[in-house]
Amino acid sequence: MIKAILVFNNHGKPRFIRFYQHLPEDTQQQIIRETFHLVSKRDDNVCNFLEGGSLIGGSDYKLIYRHYATLYFVFCVDSSESELGILDLIQVFVETLDKCFENVCELDLIFNVDKVHYILHEMVMGGMVLETNMNEVIAQVEAQNKLEKSESGFSAAPARAVSAVKSMNLPELPRNINIGDLNIKVPTSLPLSM
């Protein structure tokens, strides 16, 4: 099971954090610092997994990571997870981010954290891997983007309607409305201003 997903830059600044178990804020910060210290001091020609630090759970947990340009992607997992499977998951996660953001960079993670969370939730939920097919994840992200665009028109409609009514310059409210064969009598007790 995945316990945490941490993304930080070469200087140890966290850029994306997701813990799948409740931990106090100060413990999370200590884990981030300890994880960065453990991962950043490793040479590039060694394997990409190691035992977790003392705060994470020691030898019962593993840190599996990949270093891309200025970012470290670190998955903290228990002993039931396959190291190679998690390395592949990290690769799929990064490639999906790269497709969604067109050459993903550190700033994309900072300014689009909600989209990054959505992409991750399509792949991992509650610490369990759901989807590893990048095309499926991208299809779900595109469907979500279409939904957000269609809803943006609906969310602005009430404000536009109120604005249009307020800008109407009616000296007085009409008392009778005639539409074809339909006659509507408007009561006189309606307020004239909004």
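About the thresholds
Residues numbered from 1 in each chain as written. Predicted model: local features only at pLDDT ≥ 70, side-chain atom pairs only at ≥ 80, totals over all residues. Heavy atoms only, no water. Helix = DSSP H or I, 4+ residues; strand = E, 2+ residues; numbered from the N terminus. Buried < 20%, exposed > 50% of the residue type's maximum accessible area, 1.4 Å probe, protein only. Phe/Tyr/Trp six-rings, centres within 6.5 Å; stacked < 30°, edge-to-face > 60°. Expected span 1.5 Å × (residues − 1). Arc of directions from axis to C-beta. Core = buried A, V, L, I, M, F, W, Y, C linked by side-chain atoms within 4.5 Å. Contact = heavy atoms within 4.5 Å. Salt bridge = Lys/Arg side-chain N within 4 Å of Asp/Glu carboxyl O. Pairing = 2+ DSSP bridges.

With that out of the way, let us pick up unusual backbone geometry. In this structure, Ala69 is a non-glycine residue whose phi angle is positive, near 50°. By the element assignment, Ala69 lies in the loop between β4 (61-68) and β5 (71-78). Accessibility expressed as a relative area gives 69% for Ala69, which makes it exposed. In this structure, Asn103 takes a positive phi of about 65° despite not being glycine. By secondary structure assignment, the location of Asn103 is in the loop between α2 (83-101) and α3 (106-111).

Bringing the packing of aromatic side chains into the picture now. Aromatic ring pairs are described here by two measures, namely the spacing of the ring centres and the angle between the planes. This structure, assessed with the given rule, holds 6 aromatic pairs. With a centroid separation of 5.7 Å and an interplanar angle of 40°, the aromatic rings of Phe8 and Tyr72 are classed as tilted. Placement of Phe8 in strand β1 (residues 2-9) and of Tyr72 in strand β5 is noted, with a sequence separation of 64 residues between them. Both residues of the pair, Phe8 and Tyr72, belong to the buried class. With 6.3 Å between their ring centres and 80° between their planes, Phe36 and Tyr72 make a pair best called edge-to-face. Residue Phe36 is located in helix α1 (residues 25-40), and its partner Tyr72 is located in strand β5; the two are separated by 36 residues in the primary sequence. Take Phe36: its relative accessible area is 17%, and that puts it in the buried class.

So, on to α2. Look at α2: 27 Å from first C-alpha to last across 19 residues, which is about the 27 Å you get at 1.5 Å a residue. Of the residues making up α2, those classed as buried are Ile86, Leu87, Leu89, Ile90, Val92, Phe93, Val94, Thr96, Leu97, Cys100 and Phe101. Where α2 terminates, the next one or two residues include Glu102, which has phi positive at roughly 55°.

Once that is clear, we can look at helix α4 (residues 113-123). Among the residues making up α4, those that are buried are Val116, Ile119, Leu120 and Met123. The arc enclosing the buried residues of α4, seen along the axis, measures out at 95°, which places them on a common side.

So, on to the nonpolar core. Core analysis: the biggest nonpolar cluster contains 30 residues, and Ile2 and Ile119 have the highest contact counts within it. Put simply, the parts of the chain that give this core at least two residues each are β1, β5, α2, α4 and α5 (134-167). A per-element tally of this core places α2 first, with 10 residues. When neighbours within four sequence positions are excluded, Ile119 is seen to be in contact with Phe93, Thr96, Leu97, Cys100, Phe101, Val137 and Val141. Phe19, Ile31, Phe36 and Leu50 belong to the second largest nonpolar core, which has 17 residues in total.

For the structure shown, the criterion picks out 2 salt bridges. Glu83 is the partner of Lys62 in a salt bridge, and the nearest nitrogen-oxygen pair spans 3.1 Å. Separated by 21 residues along the polypeptide, Lys62 in strand β4 and Glu83 in helix α2 bring together distant segments of the chain. A relative accessible area of 24% means that Glu83 is categorised as partly exposed.

Time to look at the pairing of β4. Inspection of the sheet shows strand β3 (residues 49-51) paired to β4 by 3 bridges, in the antiparallel sense. Bridged to Phe49 within β4 is Ile64. Note: β4 against β5, 8 bridges, orientation antiparallel. Looking across to β5, one finds that Tyr65 is bridged to Val74.

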